[in-house]
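# Structure at a glance
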Amino acid sequence: MDQIWTEKYRPLDFNEIYGQKEIVDRIRAMVENRNLPHILFAGPPGIGKSSLALIIAKKLFGKDWRENLLETNASDARGIDNIRNEVKEFSKTKSINSALPKIIFLDECDALTREAQQALRRIMEIYASNVRFILSCNYSSKIIEAIQSRCTVFRFKRLGLDPVREVAHRIAKEEKLKISDKAIDALYDISEGDLRRVINIIQSSAV
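Described below are features of the structure shown in this document. Note that the structure is a prediction, hence the values are computed from the model and not measured.

Turning our eyes to something else, we now look at the sheet that holds strand 5 (residues 152-155). Strand order in this open sheet of 5 strands is 2-3-4-1-5, and the pairing throughout is parallel. Here the strands that pair on one side only, and so sit at the sheet edges, are strand 2 (69-73) and strand 5. With direction set aside, neighbouring strand axes in the sheet form an average angle of 15 degrees. Taken together, the 4 bridges between strand 1 (residues 39-42) and strand 4 (residues 131-137) define a ladder with parallel strand orientation. In the sheet register, Ile39 faces strand 4, and the bridge partner there is Ile134. Those strands touched by helix 3 (residues 49-61) are strand 1, strand 2, strand 3 (102-107) and strand 4, and its axis lies near 170 degrees from that of strand 3.

So this is what it looks like as structure tokens:
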């Protein structure tokens, strides 16, 4: 079975994240200094939030990044049980082969119930020596203030047309497809700058 293109062409390094230069520069400096706070990424879907979180883990932990990262999607597990069980258990232990805190990447955390967010806040406080949280959301207004105040907040911008064109043409070249600028412009309008959605549409149209 062919690989899903959003994974095949997922950015692997900081310079492959489009349209968020200021954020990437600040994150790169944190990683280079090996000093990562709790982080909240806020902004529309398909613009690089998840990719940047994974790059952070890979850069900090190298070959051991999978063992030192818990990645979970809050929209799949909204309940408090997921926070109290999986997230709390991962937070209790130290990193493997590293002195740095482990990372928990909680995607779509604006889907968490208020009760689950309160439980998350307590874990962030208690286990700060063991773990750093990277939280990702579409709407930061849905995140309780007690969590926001514990995070460095980065607000991602919707991607412009040029980076979407660049990625679409690169994928078309790699996959030996023909795609016009007019078609890409239409995809951009449909997707509202969601690059992940653009890539998915290109792959489904190529079958």
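Anyway, onward from the coordinates.
Next up on the list: the environment of Ala186. Locating Ala186 in the fold gives a position in helix 8 (residues 181-191). Judged by relative accessible area, Ala186 falls into the partly exposed class, the value being 37%. Residues Ala186 and Val198, spaced 12 residues apart in sequence, show a C-alpha to C-alpha distance of 9.9 Å.

Moving on to the pattern of salt bridges. Summed over the entire model, instances satisfying the criterion amount to 10 salt bridges. With a closest N to O distance of 3.1 Å, Glu89 and Lys92 form a salt bridge. Since its relative accessible area comes to 41%, Lys92 is described here as partly exposed. Connected through salt bridges with shared partners, the residues Arg121, Glu125 and Arg150 form a single ionic network.

Glancing now at the packing of aromatic side chains. All chains considered together, the criterion is met by 2 aromatic pairs. Judged by centre distance (6.0 Å) and plane angle (65 degrees), the rings of Phe41 and Phe154 are edge-to-face. Taken together, the residues span a long stretch of sequence, with Phe41 in strand 1 and Phe154 in strand 5 at a distance of 113 residues. Given the relative accessible area of 0%, Phe41 is considered buried. Seen in terms of ring centroids, Phe41 and Phe156 are 5.0 Å apart; in terms of plane orientation they differ by 65 degrees. Their pairing is edge-to-face. With Phe41 in strand 1 and Phe156 in the loop between strand 5 and helix 7 (161-174), this pair connects stretches of sequence that are 115 residues apart. Sitting over the face of the ring of Trp65, Lys58 holds its NZ or CZ atom 4.9 Å from the ring centroid.

Parameters at a glance
Residues numbered from 1 in each chain as written. Predicted model: local features only at pLDDT ≥ 70, side-chain atom pairs only at ≥ 80, totals over all residues. Heavy atoms only, no water. Pairing = 2+ DSSP bridges. Helix = DSSP H or I, 4+ residues; strand = E, 2+ residues; numbered from the N terminus. Axes fitted to C-alpha atoms, helices over the stretch in contact; angles between N-to-C directions. Contact = heavy atoms within 4.5 Å. Buried < 20%, exposed > 50% of the residue type's maximum accessible area, 1.4 Å probe, protein only. Salt bridge = Lys/Arg side-chain N within 4 Å of Asp/Glu carboxyl O. Phe/Tyr/Trp six-rings, centres within 6.5 Å; stacked < 30°, edge-to-face > 60°. Lys NZ or Arg CZ within 6 Å of the ring centre and 35° of its normal.

What is shown is where atoms sit, not what they do.
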